[in-house]
Amino acid sequence: MNSLWHHRVSIITGSYGSGKTEVAINLSLAKRSFYGSETSVSLIDADIVNLYFRSRDKFEELAKRGIHVIAPAGDLRHADLPALPASISGSLRDTQQQVVLDVGGDPAGATVLGRYQADLPEGSYDMILVVNPYRPYTDSVDAMQRLISAIESKSRLRITALCNNSNLMGFTTPEDLLRGQDLLGELEARTGLPTAFVSCVPAIAPAVSVMLPNIPVLPLGLYMLPPWATGNNYAGEV
Amino acid sequence: MKQRVLMKGNEAIAEAAIRAGCRFFFGYPITPQNELPEYMSRRLPEVGGTFVQAESEVSAINMVYGAAGAGARVMTSSSSPGISLKQEGISYMAGAQLPAVIVNIVRGGPGLGSIQPGQGDYFQSVKGGGHGDYRLVVLAPANLQEAVDLVTEAFDIADLYRNPVLILGDGLLGQMMEPVEFRQSTPRELPAKDWATTGLRNHNGHKNVINSLVLHAIDLEAHNIHLQEKYALIKVAEQKAELLHCDDAELVVVAYGSTARIVKTAIAQLRDQGHRVGLLRPISLWPFPEDAFAKVMPVAKNFLCVEMSAGQMVEDVKLVVNGARPVHFYGRMGGIVPTPNEIATQVLQIMGVK
């Protein structure tokens, strides 16, 4: 195993706009590079809430990098319908596969998980809550706790750890992650949920590692960029 | 924590409205603007406001008519097909001179179209949409901070002129995320809403009536003349545009909203290669920023209008340029978003660069 995950199945949940999809894509790439080519790595796009900036939009690119993206096919790929392929269960049950499950945002998005509860016995998965305290409705420990209980109730699963994805996109500084970690530390004190990893763009990852030496860092290559972005310049010419 | 918050476009527009004093929202769900009513349904009760998910877009716009008539700051939002359904109510509001802010997060059309971004509702927004001789003030933000600032201003403009204001975004703007700051704006000096139907208590027995039915032809013409005089004032006072690199630009690209941002990336590349290209970005689509064109005309040899449509704003560009320069067009449809490279290729072709 690896410090970023403890189980074969990593479920990525959180409020919408918390950065789940970027975390899910990069975690599946981390699994890809950790395991040999005989192990299959699947990224399940179970987001039926959000319509833009979804893992499935990077289907071809990720396929080239050895990630099997499971998402609605054909016309349904571009639809806003609550339709998911049957192969999701197949991947969750296949003990030889490494799986990252990218879930839709908020309790509404997490409702999808309830359907897979039978495939996900307790202790068989990591369920990571991605938190960005610079987003509305996850800007305090109380709000985060409310989100956790709402997601757990809808998904019928237990959140097992946290991901500190504190960011203001291109304006993020290492200090922002440090401030976010203060809140996550308080959340851990109240709930017992540890921070599994911190995620940030590679440019600030070394500085973040120094500031938070006890927490693994997942550097995020950004995939969900708007059409005007050039390289790492998210905003383009504002 | 910093003052900046990371928000989705739809959320940012909703929060900006609440900070501008909007306490009523009536709407009906449609993709890709659902986060806006969703956010309102959560936030408005926290500030003592009222959110109603109406049974249809037609109901929602008529609830807006009612709340605006009672003098409240009120908003509705929808996406293309839903905005079409609201057109009758919008015409009534323009006729009854009711201030409100309407948001259209445009998707691909015509018909049900797609849920991807589009700019095919330009004609509907600036040329009427509903029946009769009326105008909406139409504001088109290109980033989320601007969306926040324009929504704030839109409520003031609506109240100042007693006219509905339309915020024209697209799916990309509604769905994307950016850090925004809700800053204290300088509010305009606004007249009292002494026309609102707020009961007889403070009106010395005078009854205010909100209505767009004027049966006598002479009266209706007089009403129309008054509206036209108001629109003439707006045309002078409310033009907004951004000019980028236009001082020496031989070719001026004209684009609004998300498309303008893609154009900016293309222009940055082109200028690095030494090409004199600039951007004229209309922010107010009505009134169309004619004054900005006057500024770029002395140097510009060519105009290129880029839209996510078959070519709608390009007609207004041609009207303003009035044959003095060639006006070219490049557009993508159906939810396809043009890339910076595509636009750069068009520019180089027009400039005759191989």
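Note that the structure is predicted; figures quoted are calculated from it, not measured.

Participant: Sorry if this is basic, but what is going on with the overall build of chain A here?
Facilitator: On a plain count of helices and strands, chain A comes out with seven helices and eight strands. Since a compact globule built from 238 residues should have a radius of gyration of about 18 Å, the 17 Å found for chain A is in line with a globular shape. For the C-alpha atoms alone, the extent of chain A along its principal axes is close to 45 × 40 × 35 Å. Taking the contacts inside chain A whose residues are at least 6 apart along the sequence as the reference set, 72% of them involve residues at least 24 apart. A total of about 9,600 Å² of accessible surface is found on chain A, and carbon and sulfur atoms cover 54% of it. Of the side chains in chain A, 19 bear a positive and 24 a negative charge, and the two mean positions are spaced by 5 Å.

Participant: What is the right way to read the overall build of chain B from this model?
Facilitator: Helix and strand counts for chain B come out as 12 helices and 14 strands. What you see for chain B is a C-alpha radius of gyration of 21 Å, in line with the 20 Å of a compact globule of 354 residues. Over its C-alpha atoms, taken along the principal directions, chain B stretches across nearly 75 × 55 × 40 Å. In chain B, which comprises 354 residues, the share counted as buried stands at 58%. Taking the contacts inside chain B whose residues are at least 6 apart along the sequence as the reference set, 80% of them involve residues at least 24 apart. Accessible surface, chain B as shown: approximately 14,200 Å² in total, 52% of it carbon and sulfur. Side chains of chain B give 32 positive and 35 negative charges; the mean places of these two sets differ by 3 Å.

Participant: Could you clarify how one ought to interpret the sheet that holds strand S1 (residues 9-14) of chain A in this entry?
Facilitator: Paired through their backbone hydrogen bonds, the strands of a sheet run either parallel or antiparallel. All names here are of chain A. The sheet built from eight strands is open, its strands ordered S3-S2-S4-S1-S5-S6-S7-S8 with parallel pairing. Both edges of this open sheet fall to strand S3 (67-70) and strand S8 (217-219), since each of them pairs with a single strand only. Mean inter-strand twist for the sheet, computed between neighbouring axes without regard to direction, equals 25 degrees. Relative to S3, strand S2 (residues 41-46) runs parallel, the two being bridged by four bridges.

Participant: Can you help me understand the pairing of strand S7 (residues 164-170) of chain B in this one?
Facilitator: Within a regular strand, side chains alternate between the sheet's two faces. Residue and element names in this part refer to chain B. In terms of burial, S7 is largely enclosed, as seven of its seven residues are buried. Along S7, one buried face is formed by Pro-164, Leu-166, Leu-168 and Asp-170 and the opposite face, lined by Val-165, Ile-167 and Gly-169, is buried too. Pairing of strand S5 (residues 100-106) with S7 involves seven bridges; the strand directions are parallel. Residue pairing in the sheet places Val-101 in a bridge with Val-165 of S7.

Participant: Is there a simple way to explain unusual backbone geometry in this structure?
Facilitator: Generally, phi is negative for residues other than glycine and the peptide bonds are trans, each holding for most cases. For the bond from B:Gly109 to B:Pro110, the omega torsion is 0 degrees, close enough to zero to count as cis. Tracing the backbone through its elements, the reader meets B:Pro110 in the loop between S5 and helix H5 (122-126). For A:Arg156, which is not a glycine, the phi torsion comes out positive at approximately 55 degrees. Judged by its relative accessible area of 48%, A:Arg156 is partly exposed.

Participant: For this particular structure, what's the right way to read the interface of chain A and chain B?
Facilitator: By a widely used convention, the size of an interface equals the accessible area lost when the partners come together. Contacts between chain A and chain B engage 32 residues on the former and 36 residues on the latter. For the pair chain A and chain B, the summed buried surface comes to about 3,200 Å²; carbon and sulfur atoms form 63% of the total. The largest per-residue losses of area from chain A upon contact with chain B belong to A:Tyr52, A:Tyr137 and A:Trp228, which jointly make up 26% of the total buried on that side. Counting the contacts that link chain A with chain B gives one salt bridge. A:Arg135 serves as the salt-bridge partner of B:Glu11, at 2.7 Å between the closest nitrogen and oxygen. Run the count over chain A and chain B and you get seven residue pairs in polar contact (both at pLDDT 80 or more). Here the side of chain A that touches chain B takes three residues from helix H6 (residues 174-191) of chain A, the largest share from any one element. Across the side of chain A that touches chain B, the residue classes break down as 18 nonpolar, eight polar and six charged.

Participant: When you look at the pairing of strand S9 (residues 241-244) of chain B in this model, what are you seeing that I'm missing?
Facilitator: Residues and elements named next belong to chain B. With burial as the criterion, only one face of S9 is covered, namely that bearing Glu-242 and Leu-244; the residues Ala-241 and Leu-243 on the opposite face remain uncovered. Here four bridges tie S9 to strand S11 (residues 277-282), and the two strands are oriented antiparallel to one another. Of the residues in S11, the one forming a bridge with Ala-241 is Pro-282.

Participant: Help me understand helix H1 (residues 20-34) of chain A in this model?
Facilitator: For an α-helix the count is 3.6 residues per turn, leaving residues at separations of three or four pointing the same way. The first and last C-alpha atoms of H1(A) sit 21 Å apart over 15 residues, in line with the 21 Å expected at 1.5 Å per residue. The buried fraction of H1(A) amounts to 13 of the 15 residues, a majority that puts the element mostly inside the structure.

Participant: Explain the pattern of salt bridges here, please?
Facilitator: It is possible for side chains bearing opposite charge to pair when their charged atoms get close. All names here are of chain B. Inspection of the entire model under this criterion finds 28 salt bridges over all chains. Of the charged contacts, one joins Asp-159 and Arg-73 as a salt bridge, the two residues approaching to 2.9 Å between their closest N and O atoms. One end of the pair, Asp-159, is in helix H6 (residues 144-161); the other, Arg-73, is in the loop between helix H3 (57-69) and strand S4 (74-78), and 86 residues separate them in sequence.

Participant: For this particular structure, what's the right way to read the domain arrangement of chain B?
Facilitator: Residues and elements named next belong to chain B. What the domain assignment reports for chain B is domain 1 (5-195 + 227-237) and domain 2 (241-351). Here the C-alpha centroids of domain 1 and domain 2 sit 26 Å apart. Across the boundary between the two partners, domain 1 contributes 31 residues, which contact 25 residues of domain 2. Taken together, the two surfaces of domain 1 and domain 2 that pack against each other cover about 2,400 Å², and 55% of this comes from carbon and sulfur. Considering only the surface of domain 1 that becomes buried against domain 2, Gln-119, Tyr-122 and Phe-123 emerge as the three largest contributors, covering 30% of it.

Participant: Please clarify how the packing of aromatic side chains should be interpreted in this entry.
Facilitator: To describe a pair of aromatic rings, one takes the distance between the centres and the angle between the planes. Per the stated rule, a full pass over the model turns up 11 aromatic pairs over all chains. Here the aromatic rings of A:Trp5 and A:Phe34 are separated by 5.5 Å at their centres, their planes lie at 85 degrees, and the arrangement is edge-to-face. Note that A:Trp5 is positioned in the segment before S1 and A:Phe34 in helix H1, a separation of 29 residues in sequence. When the centroid spacing of 6.4 Å and the interplanar angle of 25 degrees are considered together, the rings of B:Phe24 and B:Phe26 count as stacked. Through a chain of ring-to-ring contacts, three or more aromatic side chains come together here, namely A:Trp5, A:Phe34 and A:Tyr35.

Participant: So what exactly am I meant to see when it comes to the packing of helix H5 (residues 141-155) of chain A against H6(A) here?
Facilitator: The packing of two helices is summarised by the inter-axis angle and the distance between the axes. Residues and elements named next belong to chain A. Where H5 contacts H6, the two axes come as close as 10 Å, and the packing angle between them is 55 degrees. Put simply, H5 runs oblique to H6. Where H5 crosses over H6, the two elements pack in a sense that is right-handed. Residues Val-141, Asp-142, Met-144, Gln-145 and Ile-148 of H5 touch H6, and the partners they reach there are Leu-183, Leu-184, Glu-186, Leu-187, Arg-190 and Thr-191.

Cut-offs and rules
- Residues numbered from 1 in each chain as written.
- Chains lettered and ligands numbered in written order.
- Predicted model: local features only at pLDDT ≥ 70, side-chain atom pairs only at ≥ 80, totals over all residues.
- Heavy atoms only, no water.
- Helix = DSSP H or I, 4+ residues; strand = E, 2+ residues; numbered from the N terminus.
- Rg over C-alpha atoms; globule rule 2.2 N^0.38 Å.
- Contact = heavy atoms within 4.5 Å.
- Areas by Shrake-Rupley, 256 points an atom, 1.4 Å probe, with all protein chains shown as cover.
- Lys, Arg positive; Asp, Glu negative; His and termini not counted.
- Charge placed at Lys NZ, Arg CZ, Asp CG, Glu CD.
- Buried < 20%, exposed > 50% of the residue type's maximum accessible area, 1.4 Å probe, protein only.
- Pairing = 2+ DSSP bridges.
- Axes fitted to C-alpha atoms, helices over the stretch in contact; angles between N-to-C directions.
- Buried area = accessible area lost by both parts, 1.4 Å probe.
- Salt bridge = Lys/Arg side-chain N within 4 Å of Asp/Glu carboxyl O.
- Polar contact = N/O pair within 3.5 Å; in protein donor to acceptor, adjacent residues only side chain to side chain.
- Nonpolar A, V, L, I, M, F, W, Y, C, P; charged D, E, K, R; others polar.
- Expected span 1.5 Å × (residues − 1).
- Domains from an automatic or database assignment.
- Phe/Tyr/Trp six-rings, centres within 6.5 Å; stacked < 30°, edge-to-face > 60°.
- Parallel < 35°, antiparallel > 145°, perpendicular 65-115°, else oblique.
- Left-handed = near helix turned anticlockwise from the far one by under 90°.

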